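Remarks on the overall topology
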Amino acid sequence: RHAYTPLSATWPALLSMLTSLYPSEHGVTYNGMNAEHSYHSIATHLLELGYETLSIMGNAGSLKVPGILANMKFFNRDFKIIHQALKELKKHGDEPFFHWYHFMGVHAEAEYKPKEWGLTILGGKDKYKPYILGEIMKNQTPMSADDIRKIKTLYAAKLYCLDFELKKIFDYLKANGQWDNTMIIVTSDHGEDLYDHKKYFYHYPSLYDTSLK
C-alpha cells in the first residue's frame, strides 16, 4: 500500500528495484544509461545459490542487471514474452530459477489499445475512439470528464488483458507442481498520471503519487 519508486523513469527504477540502491548510488539516472560499476542484485544472490537467472524484456532490453545470465527481448508484445516465458519454464524442470518478466501492456507513449474482449468486459457498450496521448498533451486538447473516464477504462482494460496472459504462467506452475514452491512478485517501476495533474498523461518526470506510488 505504500510502495514508492525512487524515480518515475524505467531504467533507473528497475535497477533500484533489483539492487536496493537509489539511482544516485547505482548511477543510472536516465533511460538508456547503464551503471559504471558492478553491484549485487537479487539475481546475483540467487545465482550464487544455484538458481538459473534470466530476464525477458518488453522495455529496457539492453539494461545490464548484475546476476542476470540470459536476456531476451520482445518489445511491445506481451504475449510473446509470455510465450517465451513458458518455453523457458519448461526447460528448467525441477531446477531452481529466477525469472524477471518486464511487460509493456499498460505503458503508452501513444495510446492504450486493449483487446476488444477486454474492453467489452470492462467498458460495456460504449464507443471508444483512439486517444493519441502525446498529441493531446502537445496540442493541449481539452478533455471532458467522459474522455478521461474512457481513457482510464482503456488503461484498465489493457491491464486486464495482461492479467489474462499472466494467468497462463500461473496455470502452468500449478499444473506442474511448482506453484506452492514459487514466490511470485507482481509490481511496477512507475505509475501513470492519466491526466490527474496539470493535464499530463505520461509518468516521467512527474513527482506526483500517481507516477511515484
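For the structure, check the block above.
Criteria and thresholds
- Residues numbered from 1 in each chain as written.
- Predicted model: local features only at pLDDT ≥ 70, side-chain atom pairs only at ≥ 80, totals over all residues.
- Heavy atoms only, no water.
- Helix = DSSP H or I, 4+ residues; strand = E, 2+ residues; numbered from the N terminus.
- Rg over C-alpha atoms; globule rule 2.2 N^0.38 Å.
- Contact = heavy atoms within 4.5 Å.
- Buried < 20%, exposed > 50% of the residue type's maximum accessible area, 1.4 Å probe, protein only.
- Pairing = 2+ DSSP bridges.
- Phe/Tyr/Trp six-rings, centres within 6.5 Å; stacked < 30°, edge-to-face > 60°.
- Lys NZ or Arg CZ within 6 Å of the ring centre and 35° of its normal.
- Axes fitted to C-alpha atoms, helices over the stretch in contact; angles between N-to-C directions.
- Parallel < 35°, antiparallel > 145°, perpendicular 65-115°, else oblique.
- Left-handed = near helix turned anticlockwise from the far one by under 90°.
- Nonpolar A, V, L, I, M, F, W, Y, C, P; charged D, E, K, R; others polar.

1. Details of the overall build of the protein
Assigned secondary structure in the protein consists of eight helices and three strands. The secondary structure elements of the protein, listed N-terminal to C-terminal, are α-α-α-β-β-α-β-α-α-α-α. Its C-alpha atoms give the protein a radius of gyration of 19 Å, near enough to 17 Å, the size a compact globule of 213 residues would have. Taken along the three principal axes of its C-alpha coordinates, the protein extends 55 × 40 × 30 Å. Sequence-distant contacts in the protein: of pairs separated by 6 or more residues, those separated by 24 or more amount to 56%.

2. Looking at the pairing of strand β1 (residues 52-57)
Burial analysis of β1 places five of its six residues in the buried class, which makes it a mostly covered element. Two elements, β1 and strand β3 (residues 97-102), share six bridges in a ladder whose sense is parallel. Within the sheet, the bridge partner assigned to Thr53 lies in β3 and is Phe98.

3. Some points on the packing of aromatic side chains
One pass over the full model with this rule turns up six aromatic pairs. When the ring of Trp117 is compared with that of Phe164, the centres are 5.0 Å apart and the planes differ by 65°; the resulting orientation is edge-to-face. Taken as a pair, Trp117 in helix α5 (residues 116-123) and Phe164 in helix α7 (residues 145-175) lie far apart in primary sequence, 47 residues in all. Taken together, a centroid distance of 5.5 Å and an interplanar angle of 65° make the contact between Phe170 and Trp179 edge-to-face. Accessibility expressed as a relative area gives 22% for Phe170, which makes it partly exposed. Here Trp179 falls in the partly exposed class, since its relative accessible area comes to 30%. Chaining the aromatic ring pairs together yields one cluster made of Trp117, Tyr160 and Phe164. One cation-aromatic arrangement involves Lys150 over Tyr128; the distance from NZ or CZ to the ring centre is 5.8 Å. The side chain of Lys174 reaches across the aromatic face of Trp179, ending 4.5 Å from its centre.

4. Observations concerning the environment of Glu88
Positionally, Glu88 belongs in helix α4 (residues 78-92). Expressed as a C-alpha distance, the spacing of Glu88 and Cys161, which sit 73 residues apart in the sequence, is 22 Å. Glu88 has contacts with Leu54, Ile56, Met72 and His99, leaving out every residue within four places of it along the chain.

5. Let's talk about the packing of α5 against α7
In contact at an axis separation of 8 Å, α5 and α7 are set at 120° when each is read in the N-to-C sense. Between α5 and α7, the crossing angle belongs to the class labelled oblique. The two elements α5 and α7 meet at a crossing, and its hand is right-handed. Seen from α5, the contacting residues are Trp117, Gly118, Leu119, Ile121, Leu122 and Gly123; seen from α7, they are Thr153, Leu154, Ala156, Ala157, Tyr160, Cys161 and Phe164. Residue composition of the contact of α5 with α7, grouped by class: ten nonpolar, three polar and no charged.

These figures come from the coordinates and say nothing about function on their own.
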